[in-house]
Structures are given as C-alpha cells and as structure tokens.
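# Breakdown of the fold
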Amino acid sequence: MNMNEKILIVEDEFIVANDLKMILKKGNYNVVGIASSATQARTMIAAKRPDWVLLDIILKGNETGIDLARELATVKIPFLFISANTNQSILEAVKKTGPYGFMVKPFREKDLLVMLDIARYRHKIENQQELKTGEKEQAVPDFGEIIGQSPNIKKVLHKVSLVASTDTSVLITGESGTGKERIAHAIHKNSARKNKPLVVVNCAALPLSLAESELFGHEKGAFTGANSLRTGKFEQAHGGTVFLDEIGELPLDAQVKLLRVLQEKEIQRIGGNHTFKVDVRIIAATNRNLEKEVAEGRFRLDLYYRLNVFPIELPPLKNRKDDILLLANHFLSKFNKANGKGITGFSDKAQQQLLQYSWPGNIRELEHLIERSWLLSTGHEIDSIELPTDSESPGETTSGELSSLEDMERKHIMQALQACGGKVFGPGGAAEMLKIPATTLYSKMKKLGIQQEHY
C-alpha cells in the first residue's frame, strides 16, 4: 500500500541504517537512500525528492538532525526522529521542528511501522486530503457550549472538526481552566462514537495503588480486598471514547499498560491471565509540560508520542480577549436562568475591569468571579467586579516598605484561592496552581490563619 511512498534514511550508524532499510522494505516502503550527514542528505533530497525522511539526531559532521529538520520543515517534507537521546533540551528542540513522530532506540519493528502509519495518517488529516465531499463532511460540527469568536479559538475548533470523525488519539494541552474537558466532549460528540459512552478519568484523583485496577479492571481475588470482579474504565468505554484528564499524573506502571492498549488494542485485568480486545478512542489532556516530565523520567517518551498524534493546544483566556465579554455574558445568562434573577449586563466600568485583568485561572476563574459578582449585585447590571488585587508590586506595601515573607505568602495564597474560586485541591485547585501538594497548602493556610471566608 505504501509502494509509492519514498523514504530517505539519515543515520550515521551503518548497522542501524541497514536494519531500518530492511524493516521499511518489509513494510512496502520505497527506501531511496541512506545519508550519514546533513550535507549528504541535502544532495539526496534534491535528487530523490523523498516523501518522508527518517532522521537521527547525532550525525557525521558538525550539523545535527535538528538542523536538517528545520530545513525540511520550510520545504514541507515531513520527517520523523529516531534517536537514543531523550534529554529535555533535545526534546524541546525536537518539538519545535514539528516532527510527525519520535522513536527511541532500541525499538521493535512493529513500533516503527505503526509510528509511520500514524504519521502518514496525521499528515493526510492536516492536509485535508481525507476530507472528501461526502455527506459526513457536510454536517456542521456541533460545538455545544464552546463560546468564542476569537481567531485563537477558531483555530482550535477547526482542528476539532478535522480530527473528530477519525479514530486517532488526541492530546489536549493548556493551562488549568482553559476548557480541555469541553474540547474532549466536542470531539466525542462529533465522532462516529457519539452514541457510545464517553468515560472521563481524572488521573490526578486516582489513588496510586488503584490506578491500574480503575483503568483496566481486576478479577475476583486479584489482591486483598478484591472481593468481586471489577470492569475497568476501558471496558466500560468499549465502542466509545476514554478521556484521560491530567494524563501527566498517571503512575509509570499504568503508563506501560496504557501504551499496550494503544499499540495492541487489548487489555488484561489485574489477576487475569487472558487479554481481550477493546475498541476505544483515547483523548488525553494535561496542563503539565510533558517534555519536561519525559526528560525527568516521570512520563514515558514512547507513550507521549503515541498520544501526541494530534495535539490541540488551548490558548489561555488572556490570549482570547475578544471572547472575554462573550463568555461573561454567557455565564451571566446561565446564572439568571438557574435562579430567575434579572441582571441584564455589565456596566462600562465592569467591562473594562474584565478586559484588563490577566485571568491566571482562565475561564474557570471568570465563571467563579461572574457568579460571585452576580450574587452580590443588587441592581439591574453588574457595576463592578471584585478582582483579586495584583496592583501592588510584589513585596511592597502601600507605604513603600517591604512586606514580610509571611505577608507575601498569605497574599499569594489568597490570590490563588480567589483565582480558583476557593477550590483547594484537585484539578484547577489552588494547590495545583501553586504547584504544591494540597496537604502542604492546608497546613500553610492553617499557619497563616487563612480561613474559608477570607477569599
């Protein structure tokens, strides 16, 4: 099926290059050459015009595969990396070049062919060759409650409409409170799986010891306390979609098993000795920098590239200025409907406040603040918004004296709590925003005398 797809291998170790050539030939690819340096690769690219380039990072000469990748990106020749190097700065440099895959040496033959299949598929989707003028594509996507007209959100929704009808994995990235779960729902709702379940798993809330049992199920007697058979989330989602929220929090053991589900499309319950097929589409989301997690050994690189087939990055609210008032009015009418309070809109002053604030807690913070202003409002419109104060420069009091560390910490924690609508732990909570364990935050609040009614 791939006979016309020409691949150039850029790899300076002859044995590795030869292995790659054998695997690709077996997979029906047409290998047009092997180059061991960037210079040699340039000559071959000009002469052979490959459809794909497989790139190692360390090459002969003083140029790397990353240097060559930048050139390939400008001439729009898609490429994939194969490397033994996974440190963070290399990973970040690799990501900037926009590869269609990254494989760590050593790897299995099957993994390389699967990675190429995924890469070709993604390349097709992005170039919209898949979008034939059939009835399916004529259907207007239903984006439900996703509010927004800004160019940034339109880009996101365009990506959703491209990928929804396919079965490919999607990785949604973005800060807390940007609406990642909404996007996952929109993808499921516009897919052929829409009448089957969408099972949401919050990986941050899974107890370490139970993560695998929650995801993959267990047989009766598999461990102490396993009194009956339990079906995992993947079984429950059969035919539908699994949304793994905060995937960066998944323990490494569970990551290995998840990789197996993605590769083999099968699961094995804990304590079970047979595997069975599951048909699920996986959408994952994270507010962490997964490259950093990979480099520090907390997240598997092979899993990252299997999930990152089709990345969708959600912009923070401060980069969606055109949508702030739209969202604010949407929330206002939602609260009006629920409680019959007839507040018609926002004063000019309130609108200015909404537009000038930086929204560290994003849409979630906006919703909390609108609700709060709505509750406190007595007139027909909301005339001002009680925003967290970030006017003073850090560490200075109004009189210009330096404030104590304790005061700064108290103020910082209260701002975080305000931004999170008072939520301390879990996704979108203040502990997450401050990057400290919830237990630590609770003890700090106690020590600094911050009580629930203070924010």
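What you are looking at is a predicted structure, and each value in this text was computed from that prediction instead of being measured.

## Quick look at the UniProt feature "domain: Response regulatory" (unreviewed entry) in the protein
- Annotation from UniProt places "domain: Response regulatory" (unreviewed entry) at residues 6-120.
- As annotated, residues 6-120 has a helix share of 49% and a strand share of 20%, and its two end C-alpha atoms lie 12 Å apart.

## Looking at the pattern of salt bridges
- Following the criterion strictly, the structure yields 25 salt bridges and no others.
- Across the salt bridge formed by aspartate 323 and arginine 320, the nearest N and O atoms sit 2.9 Å from each other.
- The buried category is assigned to arginine 320, whose relative accessible area is 3%.
- Between glutamate 409 and lysine 444 there is a salt bridge; the shortest N-O distance is 2.6 Å. On the criterion of sequence distance, the pair formed by glutamate 409 in helix H17 (residues 405-419) and lysine 444 in helix H19 (residues 438-448) is long-range, its members being 35 residues apart.
- One network of salt bridges, in which partners are shared, links Glu249, Arg288, Glu293, Glu296 and Arg298.

## Some words on helix H4 (residues 88-97)
- Among the residues of H4, those classed as buried are Ile90, Leu91, Val94 and Thr97. Looking down the long axis of H4, one finds its buried residues gathered within 120° of arc, a one-sided arrangement. Opposite the packed face of H4, turned more than 90 degrees from it, sit the exposed residues Ser89 and Lys96.
- Buried positions along H4 lie against helix H3 (65-74), strand S4 (79-83), strand S5 (102-104), helix H12 (290-295) and helix H13 (301-307).
- Downstream of H4 by a residue or two, glycine 98 has a phi angle that is positive, lying close to 75°.

## Some details on helix H2 (residues 38-48)
- Among all positions in H2, only Ala38, Ala41, Met44 and Ile45 are buried. Taken around the axis of H2, the buried residues stretch over an arc of 120°, which confines them to a single face. Along H2, the residues that are exposed and aim more than 90 degrees away from the buried face are Thr39, Thr43, Ala46 and Ala47.
- For H2, the secondary structure elements touched by its buried residues are strand S1 (6-10), strand S2 (30-35) and H3.

## Quick word on unusual backbone geometry
- You will see that lysine 76, though not glycine, has its phi angle at about 60°, which is positive.
- The phi dihedral of asparagine 362 falls on the positive side, at around 60°, and the residue is not glycine.
- With respect to the element layout, asparagine 362 can be found in helix H16 (residues 362-376).
- According to the relative accessible area criterion, asparagine 362 is buried, its value standing at 0%.

Definitions and limits used
Residues numbered from 1 in each chain as written. Predicted model: local features only at pLDDT ≥ 70, side-chain atom pairs only at ≥ 80, totals over all residues. Heavy atoms only, no water. UniProt positions renumbered as here; feature names shortened; annotations may be inferred. Helix = DSSP H or I, 4+ residues; strand = E, 2+ residues; numbered from the N terminus. Salt bridge = Lys/Arg side-chain N within 4 Å of Asp/Glu carboxyl O. Buried < 20%, exposed > 50% of the residue type's maximum accessible area, 1.4 Å probe, protein only. Arc of directions from axis to C-beta. Contact = heavy atoms within 4.5 Å.

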